[in-house]
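# Structural description and commentary
Below, each chain spelled out in residue letters.
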Amino acid sequence: MTDPLERLRAICLSLPETTERLSHGEPTWFVRDRKTFVTYADHHHDDRVAFWCAAQPGTQEALVAQDPGRFFRPPYVGHRGWLGVWLDVTVDWAEIAEIVTDAYRQVAPKGLVAQLDQ
């Protein structure tokens, strides 16, 4: 399997005013360099590759129940409703782009979210 980091990075950085820096040793993407919306998890707590992202209330529970082979409750941020997405399985990159964009919408200011809808 090839490292999915570059594809995830491209999706995250395509969103308005997004920056990347290491946080807790992992590539992490921020809106206006302040609010985290996605963090990469490369064997962070296990032998798996994934990312964690902000999610709308109820999304984590619904997706984990629907497909626990692809989604999980991540450590540290799972109690806040964040979604874990495995990247070491067959990945639908269009779906990943939607999940990442939804995560962005959760933390971005309204003006930036409006740019997505233009």
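Predicted, not measured: the structure shown is a model, and the values here were computed from it.

### Section: the overall build of the protein chain
A tally of regular secondary structure across the protein chain gives four helices and six strands. When the helices and strands of the protein chain are placed in sequence order, the string is α-β-β-β-β-α-β-β-α-α. Here the protein chain has a C-alpha radius of gyration of 13 Å; the compact-globule value for 118 residues is 13 Å, and the two agree. Projected onto its principal axes, the C-alpha coordinates of the protein chain cover approximately 35 × 30 × 25 Å. Buried positions account for 43% of the 118 residues belonging to the protein chain. For the protein chain, restricting intrachain contacts to residue pairs at least 6 apart in sequence, the fraction spanning at least 24 positions comes to 45%. A total accessible area of about 6500 Å² is found for the protein chain, and carbon and sulfur atoms account for 50% of it. Separation of charge centres in the protein chain, based on 12 positive and 17 negative side chains, amounts to 9 Å.

### Some details on empty space enclosed by the protein
The full count for this structure, using the stated rule, is one cavity of 30 Å³ or more. Computed from the structure, the largest cavity encloses a volume of approximately 40 Å³. Lining the largest cavity, in full, are R70, F71, V85, W86, V89, T90, V91, D92, E95 and I96. Of all elements in the fold, only strand 6 (83-86) and helix 3 (93-107) reach the threshold of two or more residues within the lining of the largest cavity. The residue makeup of the lining of the largest cavity, split by class, is six nonpolar, one polar and three charged.

### Description of helix 1 (residues 5-13)
Burial in helix 1 covers these residues: L5, L8, R9, I11 and C12. Within helix 1, the buried residues cover an arc of 165° as seen down the axis, which keeps them to one side.

### Details of the layout of surface pockets
Computed from the structure, the largest pocket encloses a volume of approximately 260 Å³. In terms of lining residues, the largest pocket is bounded by 13 residues, among which S23, H24, T39, W52 and V77 are the most central. Going through the elements one at a time, strand 2 (26-31) and strand 3 (35-42) are the ones with two or more residues in the lining of the largest pocket. It is strand 3 that provides the largest number of residues to the lining of the largest pocket, a total of three residues. In terms of residue class, the lining of the largest pocket is made up of five nonpolar, six polar and two charged.

### A look at the pairing of strand 1 (residues 18-23)
Relative to strand 2, strand 1 is paired through six bridges, and the arrangement is antiparallel. Considered in strand 2, the bridge of E20 is made with W29.

### Things to note about the sheet that holds strand 6
Pairing is antiparallel in the open sheet, where six strands are placed in the order 1-2-3-4-6-5. Each edge of the open sheet is held by one strand with a lone partner, namely strand 1 and strand 5 (71-72). Looking at chain direction, strand 2 and strand 3 are connected through four bridges and run antiparallel. What sits directly across from T28, in strand 3, is T39. Helix 1 rests against strand 1, strand 2, strand 3 and strand 4 (49-53) of the sheet, and its axis sits at about 10° to strand 2.

Reading the values: the criteria
Residues numbered from 1 in each chain as written. Predicted model: local features only at pLDDT ≥ 70, side-chain atom pairs only at ≥ 80, totals over all residues. Heavy atoms only, no water. Helix = DSSP H or I, 4+ residues; strand = E, 2+ residues; numbered from the N terminus. Rg over C-alpha atoms; globule rule 2.2 N^0.38 Å. Buried < 20%, exposed > 50% of the residue type's maximum accessible area, 1.4 Å probe, protein only. Contact = heavy atoms within 4.5 Å. Areas by Shrake-Rupley, 256 points an atom, 1.4 Å probe, with all protein chains shown as cover. Lys, Arg positive; Asp, Glu negative; His and termini not counted. Charge placed at Lys NZ, Arg CZ, Asp CG, Glu CD. 1 Å grid on protein atoms, 1.4 Å probe; cavity = no way out; pocket = protein on both sides within 12 Å on 5 of 7 lines; lining within 4 Å. Points joined across faces, edges and corners; volume = space filled by probe spheres on them. Nonpolar A, V, L, I, M, F, W, Y, C, P; charged D, E, K, R; others polar. Arc of directions from axis to C-beta. Pairing = 2+ DSSP bridges. Axes fitted to C-alpha atoms, helices over the stretch in contact; angles between N-to-C directions.

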